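# Coordinate inspection notes
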Amino acid sequence: MNTSDTILVIGACGQIGSELTLELRNRYKNVIASDLKEPEGELKDSGQFERLDVLNKNQLAEIISKNNVTQVYHLAAILSATGEKNPELAWRVNMKGLRNVLDVCTESDVKKLFWPSTIAVFGPTTPRTNTPQWTVMEPNTIYGISKQAGERWCDYYWQKKKLDVRSVRYPGLISYKTPGGGGTTDYAIDIYFEAKKHGKFTSFLAENTRLPMMYMPDAIRATIELMEAPIEKVKVRSSYNISAVSFSPKEIAASIRKFIPEFEISYAPDFRQKIAENWPESIDDSVAQKDWGWKPEYDMDAMTKDMLEHVPGEVEVH
Ligand code: NAD
Ligand code: AKB
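Quick summary incoming for the structure in this document. (Residues numbered from 1 in each chain as written. Chains lettered and ligands numbered in written order. Predicted model: local features only at pLDDT ≥ 70, side-chain atom pairs only at ≥ 80, totals over all residues. Heavy atoms only, no water.)

### A few points about the site of ligand 2
In plain terms, the rule: We call a residue near a molecule or strand when any one of its heavy atoms sits within 4 Å of it. Side-chain atoms alone can form a polar contact between residues adjacent in sequence; in general such a contact is a pair of N or O atoms within 3.5 Å, and within protein one must be able to donate a hydrogen while the other accepts it. Note on areas: Shrake-Rupley, 1.4 Å probe, and residue coverage restricted to the protein chains presented here. Put simply, the grid is 1 Å and covers the protein atoms alone, a cavity is a trapped set of points that fit a 1.4 Å probe, a pocket is an open set with protein on both sides within 12 Å along at least five of seven lines, and lining residues have an atom within 4 Å of a point. Assignment of a molecule to a cavity or pocket requires that more than half of its atoms lie within 2 Å of the corresponding grid points. Three classes are used: nonpolar for Ala, Val, Leu, Ile, Met, Phe, Trp, Tyr, Cys and Pro, charged for Asp, Glu, Lys and Arg, and polar for all others, with Gly counted as polar. An automatic or database domain assignment supplies the residue ranges for each domain.
In the neighbourhood of ligand 2, the contacting residues comprise L79, S80, T118, I119, Y143, G183, T184, T185 and W279. A distance of 2.7 Å is found between an oxygen atom of ligand 2 and a side-chain nitrogen or oxygen belonging to T118. In this structure, Y143 approaches ligand 2 through a side-chain N or O atom, which is 2.7 Å from an oxygen atom. Coverage of ligand 2 by the protein chains reaches 93% of its 250 Å² of free accessible surface. With respect to the detected pockets, ligand 2 is housed in the largest pocket. Tallied by class, residues from the shell around ligand 2 come to four nonpolar, five polar and no charged. Each of domain 1 (6-172 + 215-241) and domain 2 (176-213 + 244-310) gives at least three residues to the shell around ligand 2.

### Some details on the packing of helix α9 (residues 249-257) against helix α12 (residues 300-310)
The description of two packed helices rests on the angle between their axes and on the distance between the axes. Basically, it comes down to this: For every element, the axis is a line fit to its C-alpha atoms; helices are fit only across the contacting stretch, and the angle between N-to-C directions ranges from 0 to 180 degrees. In this description a helix means any DSSP run of H or I spanning at least four residues, a strand means any run of E spanning at least two, and both kinds are numbered starting from the N terminus. Should an angle fall under 35 degrees it is taken as roughly parallel, and over 145 as roughly antiparallel, whereas 65 to 115 is taken as roughly perpendicular and any remaining angle as oblique. Each crossing gets its handedness from the near helix: less than a right angle anticlockwise from the far helix is left-handed, clockwise is right-handed. When checking whether two residues touch, look at their non-hydrogen atoms; a contact exists if any pair is within 4.5 Å.
Two elements in contact, α9 and α12, have axes whose closest approach is 9 Å; the angle formed by their N-to-C orientations is 60 degrees. Judged by the inter-axis angle, α9 sits oblique to α12. The interaxial crossing formed by α9 with α12 has right-handed handedness. The residues of α12 that touch α9, namely those facing E251, I252, S255 and I256, are M300, D301, T304 and L308. Looking at the contact of α9 with α12 residue by residue, the class counts come to four nonpolar, two polar and two charged.

### Structural notes on the layout of surface pockets
The line we're drawing: Grid points are joined across faces, edges and corners, and a volume is the space filled by probe spheres set on the points.
Approximately 920 Å³ is the volume attributed to the largest pocket. Every residue lining the largest pocket is counted, 42 residues in all, and those nearest its centre are L75, A76, A77, L79 and G181. Within the residue set of the lining of the largest pocket, elements represented by two or more residues are α4 (80-85), α5 (87-106), β6 (117-118), α6 (142-161) and β9 (172-174). Split by residue class, the lining of the largest pocket holds 22 nonpolar, 15 polar and five charged. Forming the boundary of the second largest pocket are 28 residues, of which S18, E19, L22, E42 and K177 lie nearest the centre.

### Here we look at the nonpolar core
Heads up, the condition is: What makes a nonpolar core is a set of buried Ala, Val, Leu, Ile, Met, Phe, Trp, Tyr and Cys residues whose side-chain atoms join them at distances within 4.5 Å. Under the scheme applied here, a residue whose accessible area is under 20% of the maximum for its type counts as buried, over 50% as exposed, and between as partly exposed, the area being computed with a 1.4 Å probe on protein chains only.
Counting residues in hydrophobic clusters, the biggest one holds 36 residues, and the most contacted among them are I174, Y187, Y192, F247 and F263. Elements supplying a minimum of two residues to this core: α7 (187-198), β11 (211-215), β13 (245-247), α9, α10 (272-277) and α12. Leave out the neighbours within four places in its chain, and F247 touches I174, Y187, A188, T209, R210, L211, M213, I252, M300 and M303. If you look at the next biggest cluster of nonpolar residues, it comprises 32 residues, including A12, L173, I220 and V234.

The following block contains the structure:
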């Protein structure tokens, strides 16, 4: 790790960026946050911010060149549920945004790029349990299609232009610091807030719909561990499967009841149910484990305990 690297985080005000940027600032001297929207709180107070629309290639190139940026974390995207409501926007931000970043990185002094993919790259023809690193991929959301194409672009830039691109396929991420950004897995964030505030929750996914999930501290650690791994250990240049826990709304409710015994859940599946049904239930991350030593730390109850300690609300937690 070279702490004198200058890092640019694009999409720094989102669910992941708001935590990843702070962790990077603990480790590196120069970490620039950038986003369409203004930062708040600690993110705002802890370092440089540049307002950036990643669709504006000239603006991106100028920020990278004037600050001598050497590493980029490109997080800006439109997530699955929002993407289904506005496919045009999702395709433009997810695809053109990534192409701009890849091009500007190769035309400048950027040495390393992190870009996240997702379990949404898999689709209805993919094996749903223990989904392998390499398997059938026929995503049927615009988000999944854009991310699968993005994986191919990343691999292409590594092969043809030797850009050191690194990527993981995040599962649904659970956190309490910044709200979810419009994903199908966001119910698993909202459930904790509602449990603590009202002691009950209505899930937009059906009770037995199981999806792969991960607690944010594990996701941040995975990201930084992959980015700091020696280059020869990073053998997959599309994106690595990573995994932590898998659960359904019914199972997460049971975990919450260990701490709030009176917690009640009901179900009102909406358009996101169809999206979830076409994603894996669980992920095989043995390639990430073997290549760069990936290992999750949080199981479901450890995550539940920590979430309930941190989310606001009057309901008593035992
Ligand atoms: P988010 O929606 O919370 O944050 C995205 C940020 O990007 C927002 O702050 C938004 O303002 C910004 N943004 C949007 N359009 C922009 C543009 N044109 N220019 C600059 N900034 C723009 O998303 P997130 O959950 O933090 O996800 C970050 C990345 O991780 C995305 O690529 C997403 O696909 C991926 N991912 C997230 C999850 C998850 O569960 N959170 C799971 C899998 C993959
Ligand atoms: C979403 O639900 O869209 C994201 C993801 C799994 O990529 N959380």
